[in-house]
Amino acid sequence: MVQRSRLHIPHAPARPGEEPDFSYLDLSPAGKVGKPSVHARTRDIEDLAGSLVRVIDDEHEAVGPWNPNLSDADLQVGLRHMMVNRIFDDRMVNWQRQGKISFYIKSTGEEAVSVAQAMALRPGDMLFPSYRNQGLFIARGRPLVDLMCQCLSNTRDMCKGRQMPIMYHWRDGKIFSISGNLTTQYPHAVGWAMAAAIKGEDHVAASWVGDGSTAEADFHYALLFASVYNAPVILNVVNNQYAISTFQGFAGGERRPFAARGLGFGMPGIRVDGNDFLAVYAVTQWAAERARQGEGPTLIEHVTYRAGAHSTSDDPSRYRPKNEWSKWPLGDPIERLKQHLIGNGRWSEARHEALKAELDADVVAAWKEAVSYGSLNDGPQLSGDLMFEDVFKEMPTHLKRQREQLRAEGD
Amino acid sequence: MVQRSRLHIPHAPARPGEEPDFSYLDLSPAGKVGKPSVHARTRDIEDLAGSLVRVIDDEHEAVGPWNPNLSDADLQVGLRHMMVNRIFDDRMVNWQRQGKISFYIKSTGEEAVSVAQAMALRPGDMLFPSYRNQGLFIARGRPLVDLMCQCLSNTRDMCKGRQMPIMYHWRDGKIFSISGNLTTQYPHAVGWAMAAAIKGEDHVAASWVGDGSTAEADFHYALLFASVYNAPVILNVVNNQYAISTFQGFAGGERRPFAARGLGFGMPGIRVDGNDFLAVYAVTQWAAERARQGEGPTLIEHVTYRAGAHSTSDDPSRYRPKNEWSKWPLGDPIERLKQHLIGNGRWSEARHEALKAELDADVVAAWKEAVSYGSLNDGPQLSGDLMFEDVFKEMPTHLKRQREQLRAEGD
Amino acid sequence: MAQMNMVQALNSAMDIMLARDPNVVILGEDVGYFGGVFRVTEGLQRKYGEHRVLDAPIAEGGIVGVAIGLAVNGLRPVAEVQFADYIYPAFDQITSEMARLRYRTAGDFFAPMTIRTPCGGGIRGGQTHSQSPEGIFTHVSGLTVVMPSNPYDAKGLLISSIETDDPVVFFEPKRLYNGPFDGDPNKPAVPWSTHKKGEVPDGHYSVPLSRADIVRAGSAVTVITYGTMVHVCQAAVERAGVDAEIIDLRTLVPLDVETLVKSVQKTGRCVIAHEATRFGGYGAELSATVQEECFWHLEAPIQRVTGWDTPYPHAFEWEYFPGQHRVIAALEEVLKA
Amino acid sequence: MAQMNMVQALNSAMDIMLARDPNVVILGEDVGYFGGVFRVTEGLQRKYGEHRVLDAPIAEGGIVGVAIGLAVNGLRPVAEVQFADYIYPAFDQITSEMARLRYRTAGDFFAPMTIRTPCGGGIRGGQTHSQSPEGIFTHVSGLTVVMPSNPYDAKGLLISSIETDDPVVFFEPKRLYNGPFDGDPNKPAVPWSTHKKGEVPDGHYSVPLSRADIVRAGSAVTVITYGTMVHVCQAAVERAGVDAEIIDLRTLVPLDVETLVKSVQKTGRCVIAHEATRFGGYGAELSATVQEECFWHLEAPIQRVTGWDTPYPHAFEWEYFPGQHRVIAALEEVLKA
Ligand SMILES: Cc1ncc(C[n+]2csc(CCOP(=O)(O)OP(=O)(O)O)c2C)c(N)n1
Ligand SMILES: Cc1ncc(C[n+]2csc(CCOP(=O)(O)OP(=O)(O)O)c2C)c(N)n1
Ligand SMILES: [Mg+2]
Ligand SMILES: [Mg+2]
C-alpha cells in the first residue's frame, strides 16, 4: 500500500489530551520586516506574504519601520474599544446561556483585527464584515444597545427580527450586512470598490473572511476581479487556525500562508501578527494608501487564534486541547497593548481595572435598556406582519394575502 | 477625474485594423530553463511558473535538459497525430459550413498540447478534456468515424444524439465526457486522482481548461483540493490568448502567468511553449512522474494561440487582426516538429505532402462511412424513444408516460 | 416608430438607460468590445466607454457577486449571463444575497440590478444552450422574474427592470431574437417586421412589471403561457380553430393572478404551456394557483404542455420542443371534457 | 431491534455501508475527526480511517465536484453539506454534472453518489439555517430526491440511496433528528423512543426508493406530505378528529404517483403540506399532478399548506412554520366544500 500514502490528509497540531504545538507557525521577530513604499511592484514585495509584520516586541516596545507612531489618545481609544469588545462578548455569551438570546458568536482573542483596522480606515470607507467582526461596529461607534437589540430580535432590532443574532448591519456607519453564507461579502466589497473607482471617489472597501472561508468560490472571484480591474479594496483573511473543528490546513494553509494566495494574480499579500494592535493598524494603513493612490488591492492575512468556541453551539473541547490559547505564541491582543501602554508609563494596572469595571457597568446598563424593548420571549414583540415586508420594495398581492392568512391564524 | 483611473481595464494587444503585437509575451530561449528533480520542493522551483520551457530552437534542433529524446518512431507518430487532428478539423468545419453538422470547434494551432500530452501519459491515466482536446482522442486511437458519428448525432453516436457535436467521451479509452459548462471537469479530475490514491493505484489524472475558464470557481476548487490532499493530478491551462473575443488579461493573465496560480497553494506551476511538441511532452512526463511518485499535483500553462475562430458560430475578424497568427512568435506546432524531423534527415517535404494526402483521404473515407449511419437530416435516424433513457438507470413511470405521449404525437 | 428585432429592442433599452442614468453599468462575458455573442450590447461600449460597459472574466458567480457590490454603491448594473444554462454558478449569490439583501437588512441595503440571460431551445444548442430554468428562480422569494415574447415588450420590460429597485432575472427567449417562431422548424424564418410587436418606439417607454397581456381574447379555453410558447400557442389555436383566450404572462413573479383568474372563471378551461421541463416546473405553480382560485369554474382538468423531463437533447430537439401538435392535443383534451 | 434517534439511524446506515462496501467514502465539512456538527458521522473516521471519512475544505461546490470524480473512479461517495442553506454553491455541479452525466454519456459514465444535507426550521436558525430547498432539486431531471420523516425510514432510505447507481440528494429534517415534532414548540420535546419508527434494526436493511408510505389510513381526505410535516399533519388530524389518509412521500423524485392517485380517488379531497415556501414549491407539482389525475374525483379544491413566500425569519419562526393551525384550517376548508 505504498501508493496509498499518495493521498495526504492534513492534521491539526494537537487534539484533546495532547500537548498544544504551534511549532508549525513561521514567526518573524518584531521590527524585522521592512516596510516598502506603497508604490512598490508586487513582484518586489512577495516576501511580505511569507514573513510576519510585528511591531510590539517581547519587552512591549514598539519597534521597526511598521510602527505607526500613534498618539497616546489613539492607543487608549484602541485599548478601550478592544476591552468593550471583550466584555460585550463575555456578557452576551452568558446571557445566551441564560436563554435570553438564541445564539452568539464571540471574537475573543481577535479584537485587534477589527478595532485596529476600523481605526486605520476612514469613515467614508465601506466595510464588508464576517460574523466575527463586531469590533468594527464598536470602533465605529454603533451603540451597544443597538447590537443587543438585534441579538434580542426585539422591537428595536435593526433587522426587524429577520436575522439570527450578530447578523448586524449599519448603513449610515458604512458597514454592510453580515450574511450567514460564508464569503459572499468578498465579491460585494470588490464591486463596491470598483463602483467607487468608476464614480471617481477615493473611498476604499475592506472585507473579512476566516481561514476556512477562503475555500469558497467567492474568495477566488474576489481576488480575480480585484486584480483584473485593480479595485481599491483590502481583502482580509483572519487566520484564527480553525474553521469550527477543522484545522486551517484543510483550507490549504499548510504549504503556504493565505497571504500568498493573491500572488498568482499579481496581487500583493502581507502577513501580519493579528494580535499586535500596532502592526495591524500599520499594515491596514499601508494597504488603504495603496488602494487610495490607485495601486489596487491588497490581501492581508492576520495570524491569530480563536480563543473561544466557534459559537455558542460549539464545544471545542471535542477537537482541540483546552489549554491551547494559553500556549498561543502571539499572546492576547488586549494584554499586549495594555503592557505596551504601561511600559511607556501611559497606563497602569489600576487604571485598567477601573476602566474594565466602568465598561462592564456600561454593558450591563446597555443590556437593561435593550431588554426593555423586548426579547424573543418577553416584553414588547415585533408584529408578525413585518415578516412579509421588504421581500419586495412594494408588497405584492400574494404576500398581502399570506399576511391576511397569518392574521386569521392568530385569532 | 484622476481617481477614475483607479479602475484598470485590460486591453487586447491589437484590434481589427491594428498591427498584431505580442511584445507582452515573456519568452525564454530554447534549452535555457533548467530541469529540476521531480522531488524538488515547490518553493525551490517557483521560477518554472514564470519562465518558458522550450526544446526546439530556431534552427529546429532539440536542445537543453528538457529534451525528451524521443525515438524517430515516436516523433513520426506525434507528427502524424497532429496532422490528422489538423486535417480532421479543417474537413469538419467545411462539412459544418455545408450544413452536414450543426456545430464544430477546431483546435488549429494547439495540436501539440493534446497529442504530446496523450503520448506522454500512460493508457491507465484518466483524461478530463475541454472541447478543444480532440487530439487526445486521436492520439489514444479512437477511430475518426466514431468522432464523426457523434458530430452527426447519427445511429452510431456514442452520446445517442443527446450532445452537441464535439462533446465526445470514451470510457474504454479513459477519456471523460466533455461538458458544455466550462471548467466543471477540473474538480472531477482531482476527485478521480484522489480515488486512485485511496485505492492504492498509481494512475494519474489530467485535465484541461482554457485561459478564460480559469476564472470559474471549479478552477479554484480543483487547485485547493489537489493541494490539500496532494492529489496525483496534472492540471493544464491552455492559454491560447483568447476566450471567444476576450483577451486573457480579463482572466487575470496580465500581471502574472496562469502557471503561478498554484503557487499560493504550494502547488508547482510550469509554463511551457505549447507549440513545441517536445517541450510539452517533456513537461507532461515530468509532472506525471511527480504525481506517480507521490509528489502531488502540477499546474501546467501551455502558451499557444487559437489560430481559428472560437467555434463555427464565431467570427474573430470582429475583434482581432486577421493576420495575428502569422505573427505569433511560437509558430505552428506541426510545422515546427516537421522541420525538426527534416533537419535531422528523418523526414522530407515530399513525405510530408504524401502523408498529408493519405491522411486526408482517410478522413474523407471515414466521413463516407460515418454519414452512411445517418445524420441529423438524412439517412437512418435514432429513435426519439432514446430521449427518455439514461435520465435514470431505470426509466421511472413519468418518463414512460411521456415516451408514450411522444409516440402518440408522432402519429 | 421603428422596426426592431428583439436584439435591437433590448440594445435600445440599455442604450437609453445608459444615456439617462449615469449609474447604469453593463457587465458580462464578451459584452464590451465585441458586443455580446448575440450582439445585444453591440456598440454600447464604444458609445459609453469602458467604465460603463465592462467585459468580465468567465465567472458568472463573480459577475453577479461583484454586480451586487456595484449596486450597493449606488450603481444599477445590468449583468449578462451568456446562456441561462450557465447561470448556475451564480445561484448562491442570486438566491442567498441578491434576492434577500433587502429583507435581511429591513430595507437598509438592496440590490437594484438586472440579470439578463438568453434561454430556450430551437437553435440546435443541445443540453447546455437550450435550457429554460425560470422555474428554479420563481421559487426564490424576493426575485422578480421576467420573460418577454416580443421586441416591444422586451424593451419596455427591460427598462422597467433596470428602473425598479428590486433585483430582476430577465430571461430572453433566444429563438425569438430575430423573429417570431410558431414552433415549426421547417417553415422559413419570419422577421419581426412581419409582426405588430416588431414596431418599437425609439425613445424611452416602459411596460409595467407584474402585468400579464391578453394577446388573444376568447371564451372557449384559457391558454396561459410566456416566451417562445406564446407564438406556438397562437399558431396552434388558429390551426385548431379554437376560440381560446391566450395570456402572455411577461412577468412570472410577482404573478398577475387576477388576469388569469378572471379569464379561467370565464372560460372554465385552462391549458398551461412552457418550454421548460414539466416536473416541478413553473407550470405546476400556475396549475396549482388556477385550481385553487377557479376550482368551481373548471369544467375539465387543467392541462400542462411542456418540454419533457429530460435534458434538452441535440438530436431530438423537435421531439422535445412542445410544438403545435402538443398544444393542440392539450386543447382537444381540455375541450372534449 | 434497537432504539435509535434519526442521527443514530443515519450514522448506522453509513457505518454498515462503510463496512460492507470498500468503495463507500464519506466527505464533508467537520465530518471526520469531529463527527459532524450534528454528530451524524460521529466515530466513523476513527473506525474506518482518514482515507474513508474525509474532512473537507469549506467549499460545497468543490466537495460535490470532487465527489463526482471519486464516483467516476468507482467509489460511492456520501457527501455532507452542513446545512441545505449552503448547498447553492454546489448547484452547478449538481445540476449540470451529477444529474446529467449518465444521460449525456448514454450510460458510459455515471455518478453513484449521495449528498446528505440537513434541512428545515424549528431550531431558531434564522434564514440561513432553516431552509427547505427541495423544490429546486425536484425540477432537475436526473436527480433522485429523498426526505425521510423518522429513524427507521432514514436508515433504510440512506442505505438505498448509497446503493443505487443514480445520484441522490438526501434531505434530513434537522428538527426531527432527536425526536418527532408535532409543530408545537411549547410542548416538551419527545424522544424517538416514544415512537414506533424509533425502533431500528441494527443490521443492513433498505427502504425502497420511490415508494410512498401511508402512515394513517382514512377516507375523508388525503393529506400528502413529507419530512417534519408528517408529524405536524398527524397531530393536526387527530386534533381535528378528521378521518384523513396521511401519505408520507419519503421519496419526492421519482414520485410514487400511483399511491397518491389511489388515495385521492378514494377520498375526493386533498391537502398538500410542506415546510418550504409556497410559490413554485414542490407542493405545486403535487397539486398539479393530483389535479390532472384525479380531477373527476375531486369534491373540493386541493389545498396547499406551506411556509410563507418569504425568507425564514428568526423572530417569527413559529408564525412562519406551517403548524397545526394552518393544517387544520386547510382540512376544514377542503372538508366544508
Ligand atoms: C457556505 C457556507 N458553508 C458552511 C457554513 C457553516 N459554517 C459556518 S462558520 C464555519 C466555519 C468558518 O471558519 P472560518 O472561515 O475559519 O471563520 P471563523 O469561524 O474561524 O472565524 C462553517 C463551516 C456556512 N455558514 N456557509
Ligand atoms: C459556465 C460557462 N460560462 C460561459 C460559457 C460560454 N463559453 C463557451 S467557450 C467560452 C470561452 C472559453 O475560453 P477559454 O477558456 O479561453 O477556452 P478556449 O475557447 O480559448 O479554448 C465561453 C465564455 C460556457 N460554456 N460555460
Ligand atoms: Mg477560522
Ligand atoms: Mg482561450
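The structure this text deals with has already been given above.
Procedures and definitions
Residues numbered from 1 in each chain as written. Chains lettered and ligands numbered in written order. Predicted model: local features only at pLDDT ≥ 70, side-chain atom pairs only at ≥ 80, totals over all residues. Heavy atoms only, no water. Least-squares fit on C-alpha atoms with pLDDT ≥ 70 in both. Contact = heavy atoms within 4.5 Å. Buried area = accessible area lost by both parts, 1.4 Å probe. Salt bridge = Lys/Arg side-chain N within 4 Å of Asp/Glu carboxyl O. Polar contact = N/O pair within 3.5 Å; in protein donor to acceptor, adjacent residues only side chain to side chain. Donors = N, O, S within 2.8 Å, 3.2 Å for Na, K, Ca; no water. Helix = DSSP H or I, 4+ residues; strand = E, 2+ residues; numbered from the N terminus. Buried < 20%, exposed > 50% of the residue type's maximum accessible area, 1.4 Å probe, protein only. Phe/Tyr/Trp six-rings, centres within 6.5 Å; stacked < 30°, edge-to-face > 60°. Near = heavy atom within 4 Å. Areas by Shrake-Rupley, 256 points an atom, 1.4 Å probe, with all protein chains shown as cover. Pairing = 2+ DSSP bridges. Right-handed = clockwise from strand over helix to strand, strands pointing away.

Focus on the relation of the copies chain B and chain A
Least-squares fitting of chain B to chain A yields an RMSD of 0.0 Å, with the transformation described by 0.0 Å of translation along the axis and a rotation of 180 degrees. Expressed as a symmetry operation, the mapping of one chain copy onto the other fits a two-fold axis. In terms of proximity to the rotation axis, the leading residue of chain B is Ala217 of chain B, whose C-alpha is 2.5 Å off the axis.

Things to note about the interface of chain B and chain A
At the interface, 46 residues of chain B touch 46 residues of chain A. Summing the contributions of chain B and of chain A, the shared interface buries around 3800 Å²; its carbon and sulfur component is 54%. Connecting chain B to chain A are two salt bridges. The shortest N-O distance in the salt bridge between Glu46 of chain A and Arg256 of chain B comes to 3.1 Å. The interface formed by chain B and chain A contains 24 residue pairs in polar contact (both at pLDDT 80 or more).

What to know about the coordination of the magnesium ion (ligand 4)
Residue and element names in this part refer to chain B. Within the first shell, the magnesium ion (ligand 4) binds the protein through Asp211 (OD), Asn240 (OD1) and Tyr242 (O), at distances of 2.0 to 2.1 Å. All donors of the magnesium ion (ligand 4) come from a single chain, and their spacing in sequence reads D-x28-N-x1-Y. Here Asp211, found in the loop between strand 2 (205-210) and helix 6 (217-229), pairs with Tyr242, found in strand 4 (residues 242-243); they are 31 residues apart in sequence, far enough to count as distant. Judged by its relative accessible area of 1%, Asp211 falls in the buried class. For Tyr242, a relative accessible area of 4% gives the class buried.

Thoughts on the packing of aromatic side chains
All names here are of chain B. The tally for this structure, following the rule as stated, stands at 68 aromatic pairs over all chains. Relative to Tyr229, the ring of Phe225 has its centre 6.1 Å away and its plane inclined at 35 degrees; by these criteria the two rings are tilted. Taken together, the residues Phe225 and Tyr229, both in helix 6 and four residues apart, mark about one turn of the helix. For the pair Phe225 and Tyr229, a shared accessibility class is recorded, and that class is buried.

So, the site of ligand 2
In the vicinity of ligand 2, 20 residues are found, and the nearest of them are Tyr131, Arg132, Ser213 and Tyr242 of chain B together with Glu60 of chain C. Two or more chains meet at ligand 2, and those chains are chains B and C. Tyr131 of chain B has a polar side-chain atom sitting 2.6 Å from an oxygen atom of ligand 2. Here Glu60 of chain C contributes a side-chain N or O atom positioned 2.6 Å from a nitrogen atom of ligand 2. Protein chains bury 95% of the 580 Å² of accessible surface belonging to ligand 2 in isolation.

What to know about the pairing of strand 3 (residues 233-239) of chain A
It is a general feature of regular strands that their side chains alternate between the two faces of the sheet. Residue and element names in this part refer to chain A. The buried fraction of strand 3 amounts to seven of the seven residues, a majority that puts the element mostly inside the structure. Neither face of strand 3 is left uncovered, since the one carrying Val233, Leu235, Val237 and Asn239 and the one carrying Ile234, Asn236 and Val238 both have all their residues buried. When strand 2 (residues 205-210) meets strand 3, the two strands line up parallel, connected through six bridges. Within strand 3, the residue paired with Ala205 across the bridge is Val233. Considered for its hand, the β-α-β crossover made up of strand 2, helix 6 (residues 217-229) and strand 3 is right-handed. In terms of strand pairing, strand 3 meets strand 7 (residues 298-303) through six bridges, oriented parallel. For Asn236, the partnering residue across the bridge sits in strand 7 and is Ile300.

Geometric descriptors of this kind do not, in isolation, establish any biological role.
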